[in-house]
Amino acid sequence: MSNTSKSLLVQGYEVVIGFETHAQLATQSKIFSRAPTAFGAEPNTQACAVDLALPGTLPVMNQGAVELAIRLGLALGSHIAEQSVFARKNYFYPDLPKGYQISQFEIPVVQGGEVGFFLGDEKKTVRLVRAHLEEDAGKSLHEDFIGQSGIDLNRAGTPLLEIVTEPDIRSSAEAVAYAKELHKIVTWIGICDGNMQEGSFRCDANVSVRKPGAPLGTRREIKNLNSFKFMQQAIDYEVRWQIEEIEDGRAIQQATVLFDPDTGETRAMRTKEDAADYRYFPDPDLPPLVIARDWVEQVKAAMPELPRQMAERLVRDYGLPEYDATTLTQSPVMAAYFEEAAKASGQAKMASNWVMGEISRRLNSEERDIADVPVSAAQLAALLKRIADGTVSNNAAKQVMDALWKDAGILVNRSLPEAQEMIDSYIDLKGLKQMNDTGALEKIIDEVMAANVENVAQFRAGKEKAFNALVGQVMKASKGKANPQQVNDVLRQKLQ
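Residues numbered from 1 in each chain as written. Predicted model: local features only at pLDDT ≥ 70, side-chain atom pairs only at ≥ 80, totals over all residues. Heavy atoms only, no water.

### Digging into the layout of surface pockets
The gaps left among the atoms become clear once a water-sized probe is rolled over them. Going by this rule: In this analysis, the protein atoms alone were mapped onto a 1 Å grid. Cavities are point sets where a 1.4 Å probe fits without being able to get out; pockets are open sets with protein on both sides within 12 Å along at least five of seven lines; lining residues have an atom within 4 Å of a point. Grid points are joined across faces, edges and corners, and a volume is the space filled by probe spheres set on the points. Where helices and strands are cited, they refer to DSSP runs of H or I of at least four residues and of E of at least two residues respectively, numbered from the N terminus.
Computed from the structure, the second largest pocket encloses a volume of approximately 1300 Å³. Looking at the lining of the second largest pocket, the elements with two or more residues in it are β8 (114-119), α2 (172-188), α7 (322-328), α8 (332-345) and α9 (348-365). Among the elements that make up the lining of the second largest pocket, the one with the highest residue count is α2 (8 residues).

### Looking at unusual backbone geometry
We apply this condition: Each residue is placed in one exposure class: buried if its accessible area under a 1.4 Å probe, protein chains only, is under 20% of its type's maximum, exposed if it is over 50%, and partly exposed if it falls in between.
Residue N44 is not a glycine yet carries a positive backbone phi of 65 degrees. You will see that E367, though not glycine, has its phi angle at about 55 degrees, which is positive. Note on E367: relative accessible area 76%, which makes it exposed.

### Overview of the packing of aromatic side chains
Quick note on the threshold: Aromatic contacts are taken between Phe, Tyr and Trp rings whose centres are within 6.5 Å, Trp giving its six-membered ring; a plane angle under 30 degrees counts as stacked, one over 60 as edge-to-face, and the others as tilted. Consider the ring centre and the ring normal. A charge sits over the ring if Lys NZ or Arg CZ is within 6 Å of that centre and within 35 degrees of that normal.
Following the criterion strictly, the structure yields 9 aromatic pairs and no others. Arranged with centres 4.0 Å apart and planes meeting at 0 degrees, the rings of F105 and Y280 form a pair that is stacked. Of this pair, F105 sits in the loop between β6 (100-103) and β7 (110-111) while Y280 sits in the loop between α4 (275-278) and β17 (281-282), and the two are 175 residues apart along the sequence. The class of F105 is partly exposed, set by a relative accessible area of 32%. Since its relative accessible area comes to 22%, Y280 is described here as partly exposed. A connected cluster of aromatic rings, assembled from ring pairs, spans Y91, Y93, F105, Y278 and Y280. Taking the ring centre of F467 as reference, the NZ or CZ of R492 above it sits at 4.0 Å.

### Some remarks on the state of the cysteines
How we decide: For this text, the term disulfide refers to a pair of cysteine sulfurs within 2.5 Å.
Counted by the stated rule, this structure contains 0 disulfides. Free cysteine: C192, not disulfide-bonded; nearest cysteine sulfur from C203 at 10 Å. A residue is classified by how much of its surface remains accessible, and C203, at 0% relative accessible area, is buried.

### Section: the pattern of salt bridges
Oppositely charged side chains are able to pair whenever their charged atoms sit close together. Short version of the rule: The rule for a salt bridge is simple: a side-chain nitrogen of Lys or Arg has to be within 4 Å of a carboxyl oxygen of Asp or Glu.
Throughout the structure, instances matching the rule amount to 29 salt bridges. The partner of K30 in a salt bridge is D51, and the shortest N-O contact between them spans 3.3 Å. Here D51 lies in the loop between β2 (13-24) and α1 (63-75) and K30 lies in the loop between β2 and α1, a separation of 21 residues in the sequence. Of the charged contacts in the structure, one is a salt bridge between R313 and E305, with a shortest N-O distance of 2.8 Å. Judged by relative accessible area, R313 falls into the buried class, the value being 17%.

### As for the sheet that holds β17
To be explicit about the condition: Only when DSSP finds a minimum of two bridges between them are two strands counted as paired.
Read across the sheet, 3 strands follow the order β6-β5-β17 without closing on themselves; strand pairing throughout is antiparallel. The sheet terminates laterally at β6 and β17, the two strands that pair on one side only. Across 4 bridges, the pairing between strand β5 (residues 87-90) and β6 is antiparallel. Paired with A87 across the two strands is S103, which belongs to β6.

### With respect to the packing of helix α10 (residues 377-388) against helix α12 (residues 416-429)
In helix packing, the relevant descriptors are the interaxial angle and the interaxial distance, both defined with respect to the helix axes. Spelled out, the test is: Helix axes use the C-alpha atoms of the stretch in contact, all axes being lines fitted to C-alpha atoms, and the angles between their N-to-C directions lie in the range 0 to 180 degrees. Orientation labels follow simple angle bins: below 35 degrees gives roughly parallel, above 145 gives roughly antiparallel, 65 to 115 gives roughly perpendicular, and whatever is left gives oblique. Should the near helix be turned anticlockwise from the far one by less than a right angle, the crossing is termed left-handed; should it be turned clockwise, right-handed. Two residues form a contact once any of their heavy atoms are found within 4.5 Å.
The contact between α10 and α12 brings their axes to 8 Å, and the two run at 55 degrees. Relative to α12, α10 is oriented oblique. Once α10 is placed against α12, the crossing between them reads as right-handed. Side by side, α10 and α12 meet where A378, Q379, A381, A382, L383, K385 and R386 of the first sit next to L416, A419, Q420, I423, D424 and I427 of the second.

### Notes on the pairing of strand β9 (residues 122-135)
Counting buried residues along β9, 10 of its 14 residues qualify, which places the element largely inside the surrounding structure. One ladder, built from 2 bridges, connects β7 with β9; its direction is antiparallel. Each bridged residue has a counterpart across the sheet, and for Q111 the counterpart in β9 is R130. Examined bridge by bridge, β8 and β9 share 6 bridges and lie antiparallel to one another. If you follow L119 over to β9, its bridge partner there is E122. In textbook terms, the turn of a hairpin is the stretch between consecutive antiparallel strands, and for β8 and β9 this stretch comprises 2 residues, one of which, G120, has a positive phi near 70 degrees. Alignment of β9 against strand β12 (residues 159-165), held across 7 bridges, turns out to be antiparallel. Opposite E134, over in β12, you have L160 as the bridge partner.

Okay, here's the thing in structure tokens:
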């Protein structure tokens with residue numbers, strides 16, 4: 001059980017969730033054959049004799065898949081087994097030609113570890129049981145056939161890493177936060193492309209409810225959740241359904257269920273199998289997987305800085321709040337973009353605010369990724385320097401950003417001096433410089449005070465709202481070019 005916080009009760013019940021996530025490993029070929037793994041090929045064009053389970057074929061381990069498993073173990077603080085074993089998991093579906101799946105059971109390659117993340121301001125930790133290597137099955141196709149099913153074996157043998165948690169999760173919000181953090185980690189370290197629509201990152205949620213302090217309830221497994229939105233909807237519905245069943249005096253039956261996003265409901269697909277139903281036994285065609293310690297050390301030496309490590313460094317080196325650091329490390333590209341802008345401008349907090357605010361808002365509205373941002377970090381840094389030295393106001397800076405965004409590519413990859421020169425030219429051309437001439441500002445303030453005698457009297461009588469009205473009049477008279485802080489200071493001094 002998670003030791004980070006008290007459980008959130010739903011109608012007097014405690015929610016208990018464990019996760020199984022299948023991450024498709026980013027190898028060029030399959031786990032036990034040389035067939036390619038590219039997405040979107042014509043059905044059955046990427047399945048070789050091994051994937052088809054033709055007589056006389058033997059599996060051969062893909063070393064690259066093992067290395068990616070080692071990477072995950074290192075990233076999550078897991079034990080990487082010196083020796084692990086492959087087993088046959090027996091079940092029959094038409095898209096599994098062998099009649100069994102090669103997986104790991106008793107001795108997985110990655111053991112233990114944990115995923116830490118924030119839910120709001122609260123630190124959460126979910127412990128892992130294991131992560132084991134296995135092959136994917138093919139796919140049954142029903143939509144394009146009347147009264148029949150088609151079988152596409154392109155996915156058969158695709159390398160997967162199944163990541164299994166302890167039942168530490170206590171709400172749908174926590175489940176989504178865990179899944180997002182795990183998704184960030186596997187994409188950050190480059191072991192999975194994380195494409196949920198293409199099935200590269202698929203989550204199964206084991207959901208049960210119980211009265212606080214009671215033994216664990218009977219779980220139902222929601223299969224193949226391929227979006228964070230549907231994940232939360234499915235878990236919330238399943239929790240409500242289980243509570244209603246128990247309150248009506250009915251027992252929960254262990255089952256595998258699917259979520260229908262059209263109805264927002266889960267429905268039972270089959271009764272849930274246990275390990276005994278799969279009749280696991282060691283695969284006689286594969287020897288034990290032996291991983292030398294020096295190989296683990298080589299992989300460790302090549303690992304990138306992990307997101308939590310980088311977030312801690314951003315807090316330490318740039319003085320950022322924990323929330324900012326966590327948000328900026330959603331991807332290596334976002335983190336690098338922020339850090340370049342912060343270093344070049346010398347304005348770390350302002351850079352953080354703009355990346356999380358103005359930049360992210362624009363990208364989200366256009367459904368674009370940070371990798372496609374049309375404004376370079378050097379451009380942003382040049383603009384931040386002009387906000388910091390009072391050359392432009394925040395509102396004027398947004399106008400400059402509008403121009404940069406529309407003229408995508410003009411300044412991208414320019415050096416900071418070049419970006420600064422061109423941004424300064426644009427500020428001059430559009431007349432966006434703030435008024436920093438105290439004499440000119442005092443003249444405007446005198447004229448506004450003379451024209452707004454009633455507001456002046458009200459302020460002197462103690463009504464603060466009158467001051468805001470005067471500030472608005474001064475900004476209007478200066479056509480928005482006056483420095484707001486300077487207006488406040490000078491105006492207040494004159495009124496007093």
